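Geometric and topological summary
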Amino acid sequence: MEYREISHTNLKVSLIGLGTMTWGEQNTEAEGHEQMDYAFEEGVNLFDAAEMYPVPPLAETCHETERIIGTWFADRGARDKVILATKVVGPGSHMNHIRDRPRLDRDNIMEAVEGSLTRLKTDYIDLYQLHWPDRPVPLFGGRDYSPPRKDDSIPIEETLKVLGELVDQGKVRYIGLSNETPWGAMKFLQIADSLCLPRIVTIQNSYNLLNRTFDGGLSEVCHEEGVRSLPYSPLAFGKLSGKYRAGAMPKGARLSLWERFARYNGPTSDAATEAYATIAEESGLSLAQMSLAWINQRHHVASNLIGATTMDQLRENIASVDVTLSGEVRKAIDTVHHRYPNPCP
Ligand SMILES: NC(=O)c1ccc[n+]([C@@H]2O[C@H](COP(=O)([O-])OP(=O)(O)OC[C@H]3O[C@@H](n4cnc5c(N)ncnc54)[C@H](OP(=O)(O)O)[C@@H]3O)[C@@H](O)[C@H]2O)c1
């Protein structure tokens, strides 16, 4: 396993990070524990959770993922060997089952962090992330920003001050953003610097061969500001495993189970996936491993947050650290990207 430093921290994270959002929905507690055991043995030291997991977020299953991680820590006792990341939800009426009207304000964040600490059976979180901004930005398939008619966003300064308190109390070591824009990231950095509040150290956005929007502006923010990325959905919800090719809808797979994720299917996404699959075949690689290896080689990446519902998937995905793509393969990938740019933002 390769490890990468996150600037301005003493964190050295494994190039593969373990996504957890299937545990408690597509995976049982025992399966989640088996995944953590295997990943940990393979040198994975970053686990990424969220208070709202598993996905899809439902009142019945809410918080299960963190609880499953907590029972693993209680049983295996490896808390100090794992870099534990979790997240507080942003606003949205679909999150009202978590708290009454969640926002990124003081009361909500304080309540959220206590809940996460209890479920995770720990007294500190290594990386505490804002799951999405308290601003109306394009999210989860959205493409375009529209200025709000009325701006009632929680000021970034207020959110940062609460996070600063949590760092001072030792409950949180470092902070990060998720589903963020270049403007938002720069604003967090600017306010932190001017008020001596904690700087964000990571940005966790969707990033894969079907969505390279991060490279438009956030890539520059990372390079210039010493921030690292934690790409999520590196296989575009499984689309880049190739198993949905030719219109297949495999039983029990995420895109077959939930219509709400249909944005990953569509003529442009299908055509791009087909073109990437051809490059993989010609290079003697699986499409999944080529897609993950491409992310592993990007300059801004600290840890590639994989997800798996079976042990075979987990083994294949972690083994992507041993794959190095040639310049020729990367050039062929760029040609496809220029033909079909970002079909699944
Ligand atoms: N911050 C955010 O808003 C956000 C959003 C999404 C994810 N995340 C984080 O990122 C992690 C990973 O995201 P993700 O689960 O969407 O990643 P992904 O790699 O895009 O999708 C993972 C899913 O694809 C399928 N799959 C994975 N490897 C496969 C393989 N080798 N062959 C065939 N199918 C394979 C599995 O689903 P099936 O078996 O059902 O097909 C698996 O659960 C999450 O657990 C979470 O920690 C964060």
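See the structure shown above.
Vacant regions in the atomic arrangement are exposed by a probe of water-molecule size rolled over the atoms. Put simply, the second largest pocket is a space of about 250 Å³. Together, 14 residues line the second largest pocket, and Arg135, Asp151, Ser153, Ile156 and Trp183 are the ones closest to its centre. Elements with a minimum of two residues in the lining of the second largest pocket: helix 4 (156-168) and helix 5 (182-195). Here the residues of the lining of the second largest pocket are counted per class, giving nine nonpolar, two polar and three charged.

Let us look at the site of the ligand. Around the ligand, the surrounding shell holds 35 residues, and the nearest of these are Asp48, Ser233, Lys243, Arg254 and Thr309. In the environment of the ligand, a nitrogen atom lies 3.0 Å from a nitrogen or oxygen atom belonging to the side chain of Glu316. Asn317 places a side-chain nitrogen or oxygen 2.9 Å from a nitrogen atom of the ligand. A total of 900 Å² of accessible area belongs to the ligand in isolation, and the protein chains cover 95% of it. Every element with two or more residues in the shell around the ligand is listed here: strand 10 (304-306) and helix 10 (311-318). Taken together, the residues of the shell around the ligand sort by class into 14 nonpolar, 16 polar and five charged.

With that settled, consider the sheet that holds strand 6 (residues 125-130). Read from one edge of the open sheet, eight strands run 9-8-7-6-5-4-3-10, paired in parallel fashion. At either margin of the open sheet sits one strand with a lone partner, and together these are strand 9 (228-229) and strand 10. Pairing of strand 7 (residues 172-178) with strand 8 (residues 200-204) involves four bridges; the strand directions are parallel. Across the sheet, residue Ile175 finds its bridge partner in strand 8, namely Ile200.

The next thing to look at is the environment of Gly226. Tracing the backbone shows Gly226 in the loop between helix 6 (218-225) and strand 9. Through-space distance from the C-alpha of Gly226 to that of Ser7 is 5.8 Å; in sequence the pair is 219 residues apart. With residues near it in sequence (within four places) discarded, Gly226 still touches Ser7, His8 and Val221.

Take the packing of aromatic side chains next. The description of an aromatic ring pair uses the distance of the two centres, along with the angle that the planes make with each other. Within this structure, the stated rule accounts for nine aromatic pairs. What links up through ring pairs into an aromatic cluster is the set Phe40, Phe47, Trp72 and Phe73. A cation over a ring is seen here: Arg79 above Phe73, with NZ or CZ 5.5 Å from the ring centre. Cation over ring: Arg79 sits above Tyr124, and NZ or CZ is 4.0 Å from the ring centre.

This next bit is on the side chain of Asn205. If you trace the backbone, Asn205 turns up in the loop between strand 8 and helix 6. On the basis of relative accessible area, Asn205 is assigned to the buried category, the value being 11%. Those residues in contact with Asn205 that sit more than four places away from it in its chain are Ser178, Asn179, Glu180, Phe214, Leu218, Leu230, Pro231 and Tyr232.

Here we come to the nonpolar core. Across soluble globular proteins, you tend to see nonpolar side chains buried next to one another. Formed by 97 residues in total, the largest nonpolar core has its most connected members in Met52, Tyr128, Ile200, Tyr276, Met290 and Ile333. Top contributing element to this core by residue count: helix 9 (residues 287-296), with seven residues. In this view, Tyr276 contacts Leu209, Leu210, Leu240, Leu287, Met290, Ile333, Val336 and His337; residues no more than four positions away in its chain are not counted. In terms of nonpolar packing, the next biggest core, distinct from the first, is built from 13 residues, Leu11, Ile83, Tyr174 and Ala302 among them.

Here the structure, examined in full by the defined rule, presents 26 salt bridges. Across the pair Glu29 and Arg67 runs a salt bridge, and its minimum N-O distance is 3.2 Å. In this pair, Glu29 is assigned in helix 1 (residues 29-41) and Arg67 in helix 2 (residues 64-76), connecting sequence segments 38 residues apart. The class for Glu29 is partly exposed, based on a relative accessible area of 28%. The partly exposed category is assigned to Arg67, whose relative accessible area is 30%. A salt bridge links Arg135 to Glu180, with the shortest nitrogen-to-oxygen separation between them at 2.8 Å. Of this pair, Arg135 sits in the loop between strand 6 and helix 4 while Glu180 sits in the loop between strand 7 and helix 5, placing them 45 residues apart in sequence. Classification of Glu180 as buried rests on a relative accessible area of 5%. Shared partners join several salt bridges into a network, and the residues in it are Arg212, Asp215, Arg298 and Asp334.

Parameters at a glance
- Residues numbered from 1 in each chain as written.
- Predicted model: local features only at pLDDT ≥ 70, side-chain atom pairs only at ≥ 80, totals over all residues.
- Heavy atoms only, no water.
- 1 Å grid on protein atoms, 1.4 Å probe; cavity = no way out; pocket = protein on both sides within 12 Å on 5 of 7 lines; lining within 4 Å.
- Points joined across faces, edges and corners; volume = space filled by probe spheres on them.
- Helix = DSSP H or I, 4+ residues; strand = E, 2+ residues; numbered from the N terminus.
- Nonpolar A, V, L, I, M, F, W, Y, C, P; charged D, E, K, R; others polar.
- Near = heavy atom within 4 Å.
- Polar contact = N/O pair within 3.5 Å; in protein donor to acceptor, adjacent residues only side chain to side chain.
- Areas by Shrake-Rupley, 256 points an atom, 1.4 Å probe, with all protein chains shown as cover.
- Pairing = 2+ DSSP bridges.
- Contact = heavy atoms within 4.5 Å.
- Phe/Tyr/Trp six-rings, centres within 6.5 Å; stacked < 30°, edge-to-face > 60°.
- Lys NZ or Arg CZ within 6 Å of the ring centre and 35° of its normal.
- Buried < 20%, exposed > 50% of the residue type's maximum accessible area, 1.4 Å probe, protein only.
- Core = buried A, V, L, I, M, F, W, Y, C linked by side-chain atoms within 4.5 Å.
- Salt bridge = Lys/Arg side-chain N within 4 Å of Asp/Glu carboxyl O.

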